[in-house]
Amino acid sequence: GLARVEMTEAAAGDLPERGRNARSVALMREAMLSKENDPIAGIFIGGMGGIRAEFSQFQKSFPERPVYVFGAPGGEARQLALAETHKTSASPLARRLAESDRYDVLVAEVVREVADRLEH
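Bear in mind that the values here come from a model prediction, so they are computed numbers and not experimental data. Note that residues are indexed from 1 along each chain, following the sequence as it is written. This being a predicted model, a pLDDT of at least 70 is required before a residue's local features are given, and a value of 80 or more before pairs of side-chain atoms are given or counted; all residues contribute to the totals for chains, interfaces and linings. Side-chain measures here rest on the full set of heavy atoms in the structure, leaving out hydrogens and waters.

Caption draft 1: Region of interest: helix H5 (residues 103-119). For H5, which comprises 17 residues, the first-to-last C-alpha distance of 24 Å matches the rise-based estimate of 24 Å (1.5 Å per residue) to within 8%. Burial here depends on accessible area, computed with a 1.4 Å probe over protein chains only, as a share of the maximum for the residue type. Under 20% is buried, over 50% is exposed, and the range in between is partly exposed. Helix numbering and strand numbering both begin at the N terminus, where a helix is a DSSP run of H or I of at least 4 residues and a strand a DSSP run of E of at least 2. Of all the positions in H5, only Leu106, Val110 and Val114 are classed as buried. Axial view of H5: buried residues confined to an arc of 80°, hence all on one face. Turned more than 90 degrees away from the buried face of H5, the exposed residues are Arg112 and Glu119. By the convention used here, residues are in contact when the closest approach between their heavy atoms is within 4.5 Å. Looking at the buried positions of H5, the neighbouring elements they touch are strand S1 (42-45), strand S2 (67-70) and helix H4 (92-99). To estimate how far a helix should extend, the number of its residues minus one is multiplied by 1.5 Å. What the arc describes is the spread of directions from the helix axis to the C-beta atoms.

Caption draft 2: Region of interest: the environment of glutamate 99. Relative to the assigned elements, glutamate 99 resides in helix H4. Sequence separation between glutamate 99 and glycine 71 is 28 residues; the distance between their C-alpha atoms is 6.3 Å.

Caption draft 3: Representation of the packing of helix H2 (residues 49-61) against helix H3 (residues 76-85). Axis definition: a line fit to C-alpha positions, over the contact stretch in the case of helices; interaxial angles, taken between N-to-C directions, run 0 to 180 degrees. Direction vectors running N to C along H2 and H3 enclose 45°, while the axes themselves pass 7 Å from each other. By the angle class used here, H2 and H3 are oblique. Side by side, H2 and H3 meet where Gly49, Ile51, Arg52, Phe55 and Gln59 of the first sit next to Glu76, Ala77, Gln79, Leu80 and Glu84 of the second. We call two directions roughly parallel when the angle between them is under 35 degrees, roughly antiparallel when it is over 145, roughly perpendicular when it lies between 65 and 115, and oblique otherwise.

Caption draft 4: Spotlight on unusual backbone geometry. Residue proline 73 is bonded to the preceding alanine 72 through a cis peptide linkage, with omega at 15°. With respect to the helices and strands, proline 73 occurs in the loop between S2 and H3. Phi is positive for aspartate 38, which is not a glycine, with a value near 50°. With respect to the secondary-structure elements, aspartate 38 resides in the loop between helix H1 (22-32) and S1. When its relative accessible area of 43% is taken as the criterion, aspartate 38 is described as partly exposed.

None of the figures reported here should be taken as evidence of function without further support.
Here it is in structure tokens:
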């Protein structure tokens with residue numbers, strides 16, 4: 001009950017190949033980060049350059065909502081996680097998410113926090 005999967009239609013002419021589906025990816029991000037979906041938090045793991053765009057869009061659309069950025073398993077999210085630790089508002093959990101390679105353990109803590117937000 002903490003998440004749902006939604007399929008989005010591909011943009012006309014896009015192919016299911018990296019570099020040949022930019023419009024479809026943009027449509028997916030727009031749907032994922034819409035006010036109608038009303039995400040309670042942003043969770044960012046791994047990824048390439050696109051994750052930075054998703055992170056920025058989430059913070060722009062939902063500035064009061066928490067973000068959880070996992071440094072492990074690496075990827076662009078690691079750079080975002082490390083940058084987040086330099087903010088004065090960074091929580092102890094944000095620091096652990098950036099520095100720990102035990103994301104499997106930290107997921108449980110993130111799920112608890114998100115579930116608590118849903119209850120209140």
